Amino acid sequence: MERITIFAHFDKQNIIDPYVIDYLKEIRRYSQIIFVSDGDLPRQETDKIKDICFDIVAKKHGEYDFGSYKRGFQLIQEKHLHKLQEIDE
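Quantities reported herein were computed from a predicted structural model and do not represent experimental measurements.

Engineer: Explain the overall build of the chain to me, and be specific about the residues and the numbers.
Structural biologist: Secondary structure assignment for the chain yields 3 helices and 3 strands. Helices (α) and strands (β) of the chain occur, in sequence order from the N terminus, as β-α-β-α-β-α. In summary, the chain has a C-alpha radius of gyration of 13 Å against a globular reference of 12 Å for 89 residues, a match within 12%. Here the C-alpha coordinates of the chain stretch approximately 35 × 25 × 20 Å along the principal axes. Taking all 89 residues of the chain together, 40% fall into the buried category. Contacts spanning at least 24 positions in sequence make up 60% of the contacts within the chain whose residues lie at least 6 apart. When the accessible area of the chain is evaluated, it comes to approximately 5900 Å², of which 49% is carbon and sulfur surface.

Engineer: Break down the environment of Asp51 for me, citing the residues and quoting the values.
Structural biologist: Relative to the assigned elements, Asp51 resides in the loop between helix 2 (43-46) and strand 3 (55-58). Asp51 sits in the exposed class, given a relative accessible area of 73%. In sequence terms Asp51 and Leu24 are 27 residues apart; their C-alpha atoms lie 11 Å from each other.

Engineer: Before we move on, could you go through the packing of aromatic side chains and cite the residues and values that matter?
Structural biologist: Tallying each qualifying case throughout the model produces 3 aromatic pairs. Taking the centre distance of 5.8 Å and the plane angle of 10° together, the rings of Phe7 and Phe35 count as stacked. Linking Phe7 in strand 1 (residues 4-9) with Phe35 in strand 2 (residues 32-37), this pair joins segments that are 28 residues apart in sequence. Note on accessibility: Phe7 and Phe35 belong to one class, buried. Grouping aromatic residues by their ring pairs yields a cluster made of Phe7, Tyr23 and Phe35.

Engineer: Summarise the environment of Lys79; cite the residues concerned and give the values.
Structural biologist: Checked against the element boundaries, Lys79 lands in helix 3 (residues 64-79). Among the polar contacts made by the side chain of Lys79, one reaches the side chain of Asp55 at a distance of 3.0 Å.

Engineer: Talk me through the nonpolar core; I want residue IDs and the actual numbers.
Structural biologist: One finds Phe7, Ile16, Val20, Ile21, Leu24, Ile27, Ile33, Phe35, Leu41, Ile49, Ile52 and Cys53 forming the largest nonpolar core, which totals 12 residues. For this core, the secondary-structure elements that each account for two or more residues are helix 1 (18-28) and strand 2. Sorting elements by how many residues they give to this core places helix 1 first, with 4 residues. In this structure, Phe35 is in contact with Phe7, His9, Ile16, Val20, Leu24, Leu41, Ile49, Cys53, Asp55, Ile56 and Val57, ignoring residues within four places of it in sequence. In terms of nonpolar packing, the next biggest core, distinct from the first, is built from 7 residues, Ile4, Ile34, Val36 and Ile76 among them.

Parameters at a glance
- Residues numbered from 1 in each chain as written.
- Predicted model: local features only at pLDDT ≥ 70, side-chain atom pairs only at ≥ 80, totals over all residues.
- Heavy atoms only, no water.
- Helix = DSSP H or I, 4+ residues; strand = E, 2+ residues; numbered from the N terminus.
- Rg over C-alpha atoms; globule rule 2.2 N^0.38 Å.
- Buried < 20%, exposed > 50% of the residue type's maximum accessible area, 1.4 Å probe, protein only.
- Contact = heavy atoms within 4.5 Å.
- Areas by Shrake-Rupley, 256 points an atom, 1.4 Å probe, with all protein chains shown as cover.
- Phe/Tyr/Trp six-rings, centres within 6.5 Å; stacked < 30°, edge-to-face > 60°.
- Polar contact = N/O pair within 3.5 Å; in protein donor to acceptor, adjacent residues only side chain to side chain.
- Core = buried A, V, L, I, M, F, W, Y, C linked by side-chain atoms within 4.5 Å.

So far we have only geometry, and geometry alone does not tell us how the molecule works.
Laid out in structure tokens, this is it:
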């Protein structure tokens, strides 16, 4: 079964905490991950998860978690549409 998870993230300090990385690693056991942060994360932060996540968006949008989910779905439609036929969940 093929799955994609859209993971919504926010951190006031624009960092990815170790517990988030642990959480992503566990999710990755069952699903591919599109990580969407409502923050302008520096490259050193996104580098922490580049081998865990299928795709990463880290740009301030101010639309809370639902804005992150929206951007994740848009990313699938714009960039990974070919994957939709393979996705079960």
